[in-house]
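# Coordinates in review
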Amino acid sequence: MSTCGEIQLEGCYVKYNNTSFFGAPDKMKVCRRCGPSVGYNSDVLNRIDSALAFLVGGNGEYFREGDFGSIQGMAQCIQDLSLSDCQDCLSEATRRLRSVCETSSWGDMYLGKCTVNLANIGDSTSNESSGGGISVLDIINTISSFSSIL
């Protein structure tokens with residue numbers, strides 16, 4: 001009975017809608033996750049900043065990844081965006097991730113058309129080592145909030 005819906009999991013994104021959304025930028029936050037704080041460990045925070053700068057810096061691709069010591073980063077856009085819209089989306093995702101997760105050892109920011117993920121492979125509570133993924137509760141909350149907009 002629904003006219004639209006979307007689900008974002010690690011490595012998988014599905015969206016349907018009765019209005020066209022192809023090629024349209026979408027920076028609405030779908031989900032975010034932050035790891036535990038590392039305090040103000042300048043070494044880790046500097047590696048996180050380097051990873052985010054690299055991911056946003058762009059390589060003219062829709063998928064970007066890099067290793068910065070114990071920090072691994074990945075950024076990706078839905079490929080119906082132009083490369084400049086992809087760049088804008090990733091810039092917004094990294095800005096929000098840095099703002100919301102501040103001193104977290106890892107974090108994920110999922111926007112409507114792009115995602116940025118950071119993993120701290122030296123952290124036993126990392127999103128990678130704890131199973132990662134988005135919970136069913138996150139999905140239900142996202143669907144509920146999206147449906148309430150309509």
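Up top is the structure these notes are about.
Residues numbered from 1 in each chain as written. Predicted model: local features only at pLDDT ≥ 70, side-chain atom pairs only at ≥ 80, totals over all residues. Heavy atoms only, no water.

## Observations concerning the pattern of salt bridges
It is possible for side chains of opposite charge to pair when their charged atoms get near one another. For clarity, the threshold we go by: Counted as salt bridges are all cases of a side-chain nitrogen of Lys or Arg within 4 Å of a carboxyl oxygen of Asp or Glu. Numbering of helices and strands runs from the N terminus; a helix is a DSSP stretch of H or I covering at least four residues, while a strand is a stretch of E covering at least two. Only protein chains enter the accessibility calculation, which uses a 1.4 Å probe. A residue is then buried if its area is under 20% of the maximum for its type, exposed if over 50%, and partly exposed in between.
Applying the stated criterion to the full structure yields 6 salt bridges. With its nearest N and O atoms 2.6 Å apart, the salt bridge here joins Glu92 to Arg95. Separated by 3 residues within a single helix, Glu92 and Arg95 lie in helix α2 (residues 83-101), roughly one turn from each other. Since its relative accessible area comes to 18%, Glu92 is described here as buried. Via salt bridges that share partners, Glu92, Arg95 and Arg96 belong to a single interconnected network.

## Some points on the state of the cysteines
Keep this limit in mind: Only a pair of cysteine sulfur atoms within 2.5 Å qualifies as a disulfide here.
A full pass over the atoms with the stated rule returns 3 disulfides. Between the sulfur atoms of Cys77 and its disulfide mate Cys86 the distance is 2.1 Å. Taking the sign of the torsion about the S-S bond as the criterion, the disulfide between Cys77 and Cys86, at about 85°, is right-handed. The exposure classification of Cys77 matches that of Cys86, with both residues buried. Covalently, Cys89 is tied to Cys114 through a disulfide, its sulfur atoms 2.1 Å apart. With the S-S bond torsion at -90°, the cross-link from Cys89 to Cys114 turns out left-handed. With Cys89 in helix α2 and Cys114 in strand β7 (residues 114-120), this pair connects stretches of sequence that are 25 residues apart.

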